[in-house]
Amino acid sequence: MTIFRTRDLSLRLAPLIAAGMFCLFSSPMRAAEDPDPAAPKGAAVTVLKAQKSCFANIVEVSGTIIAREETQVRPERMGLKVAEVMVDASDSVTAGQVLAKLNLPEGGQITVQAPVGGVISASTASVGAMASGKGEALFSIIARGEFDLVGMVPTRDIQKLQVNQTARIKVIGAGEVDGKVRRLSTTVEPNSQLAQVFVGVTTNRRLLVNSSGRAQIRTGQSCGVSVPLTAILYGTAGTVVQVVRRSRVETRRVETGLMSAGQVEITSGLQEGDIVVARAGALLREGDPVRPVTASAATK
């Protein structure tokens, strides 16, 4: 009886097992033949929205530090001899301060005083040396310790500059200091088409005459649509960005303006809110299907 029941049970289960095996092997084949129409297509690309930004309009001036006004100090009489030197080069002095004492030929002494306050830029005075009103100056004083950065700029930039515009100046050996446009040339060097500009330096630091410096003069600002520099492609067809619309790539030719901190101003060809490929590349072509992923989501 036991054998009969087991055989009977096997005969009854056989059709069910066969049906299960058929489903097991046939289901993947159907899935491969009939893909899910809702599944995303195309490569995943990181995108971002074009946003409005403001860019500072900067004119750069490279040049040399010079003394704005330098005063030469000599005695009024002839035939004097230096008896004592009271200051050295690079010392700060005040108007009327005694700089040196000189012996008179007939005996007695006179003093040489600073006609103006400032910084001693050079000194030839030494004890026992002769001094006169027509000889080499005993001292040179940078009046009031005022310096200028003098440099040349293209004619297209000289039109943007005005007196009293603020500047940030980086001087070799002295770091960054403040300044203002003090004077602009009214002529242009004919061969180079460059014009001269004087930027007054405002600082209590000691500057070295003839040291190099670079001024960044802010002439205004421009506000408009911007994208990262990585979103821009430069080629024979011009400057373009890749925009995603309806999950497909569109190539837009654009005009660029100012640049700052890795962002580029777009003056035409793009609107605020356009979805832009964050890293444009030659592998993406016009009309390619893509799966856009926002930059914030891609970094998570």
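Preceding this paragraph is the structure being described.
Bear in mind that the values here come from a model prediction, so they are computed numbers and not experimental data.

Conventions adopted
Residues numbered from 1 in each chain as written. Predicted model: local features only at pLDDT ≥ 70, side-chain atom pairs only at ≥ 80, totals over all residues. Heavy atoms only, no water. Phe/Tyr/Trp six-rings, centres within 6.5 Å; stacked < 30°, edge-to-face > 60°. Lys NZ or Arg CZ within 6 Å of the ring centre and 35° of its normal. Pairing = 2+ DSSP bridges. Helix = DSSP H or I, 4+ residues; strand = E, 2+ residues; numbered from the N terminus. Disulfide = S-S within 2.5 Å. Buried < 20%, exposed > 50% of the residue type's maximum accessible area, 1.4 Å probe, protein only. Contact = heavy atoms within 4.5 Å. Salt bridge = Lys/Arg side-chain N within 4 Å of Asp/Glu carboxyl O. Polar contact = N/O pair within 3.5 Å; in protein donor to acceptor, adjacent residues only side chain to side chain.

Engineer: Explain the packing of aromatic side chains to me, please; I cannot follow it from the model alone.
Structural biologist: Pairs of aromatic rings are described using the distance from one ring centre to the other and the angle between the two planes. Counted by the stated rule, this structure contains 0 aromatic pairs. We note Arg-183 situated over the ring of Phe-198; from NZ or CZ to the ring centre the distance is 3.9 Å.

Engineer: Before we go on, may I ask you to explain the sheet that holds strand β9 (residues 130-131) in this structure?
Structural biologist: Sheet strands pair by backbone hydrogen bonding; their relative direction is either parallel or antiparallel. Here we have 4 strands laid out as an open sheet, ordered β7-β6-β4-β9, and antiparallel in their pairing. Pairing within the sheet leaves two strands with one partner each, and these edge strands are β7 (109-113) and β9. Strand direction decides the pairing type here: strand β4 (residues 80-85) and strand β6 (residues 98-103), joined by 4 bridges, are antiparallel. Counterpart to Lys-81 in the pairing with β6 is Asn-103.

Engineer: I tried to follow the state of the cysteines on my own but got confused; where do I start?
Structural biologist: Here a disulfide denotes one covalent bond, and it connects the sulfur atoms of two cysteines. The full count for this structure, using the stated rule, is 1 disulfide. Residue Cys-54 pairs covalently with Cys-223 via a disulfide, S to S 1.9 Å. Measuring handedness by torsion sign, the sulfur bridge of Cys-54 and Cys-223 sits at about 105° and is right-handed. Of this pair, Cys-54 sits in strand β2 (residues 51-67) while Cys-223 sits in strand β15 (residues 212-228), and the two are 169 residues apart along the sequence. Here Cys-54 falls in the partly exposed class, since its relative accessible area comes to 48%. Take Cys-223: its relative accessible area is 48%, and that puts it in the partly exposed class.

Engineer: Explain the environment of Ala-231 here, please?
Structural biologist: Relative to the elements of secondary structure, Ala-231 occurs in the loop between β15 and β16 (232-235). Considered as a pair, Ala-231 and Val-47 are 184 residues apart in the sequence and their alpha carbons are 9.2 Å apart. Setting aside chain neighbours within four positions, we find Ala-231 in contact with Val-240, Val-241, Gln-242, Val-276, Val-277, Ala-278 and Ala-280.

Engineer: Would you mind showing me how to read the sheet that holds strand β10 (residues 139-143) here?
Structural biologist: Strand order in this open sheet of 4 strands is β3-β10-β8-β5, and the pairing throughout is antiparallel. The open sheet has two edge strands, β3 (70-73) and β5 (92-93), and neither has a second partner. Where β3 meets β10, 4 bridges bridge the pair, whose relative direction is antiparallel. Residue pairing across strands places Thr-71 opposite Ile-141, the latter belonging to β10.

Engineer: I tried to follow the pattern of salt bridges on my own but got confused; where do I start?
Structural biologist: Oppositely charged side chains are able to pair whenever their charged atoms sit close together. Tallied over the entire structure, the rule returns 15 salt bridges. Between Arg-214 and Glu-60 there is a salt bridge, and its shortest N-O distance comes to 3.8 Å. Of this pair, Arg-214 sits in strand β15 while Glu-60 sits in strand β2, and the two are 154 residues apart along the sequence. With a relative accessible area of 45%, Arg-214 lands in the partly exposed category. With a closest N to O distance of 3.1 Å, Glu-250 and Arg-245 form a salt bridge. Of the residues examined, Arg-245 reaches a relative accessible area of 36% and is grouped as partly exposed.

Engineer: What am I meant to see in the side chain of Asp-274 here?
Structural biologist: Checked against the element boundaries, Asp-274 lands in the loop between β20 (263-268) and β21 (275-277). Exposure remark for Asp-274: the relative accessible area of 15% places this residue in the buried category. Engagement of the side chain of Asp-274 in a polar contact is seen with the backbone nitrogen of Gln-271, the distance being 2.9 Å. Once you skip the residues sitting within four places of it in the chain, Asp-274 turns out to touch Leu-48, Lys-49, Ala-50 and Arg-252.

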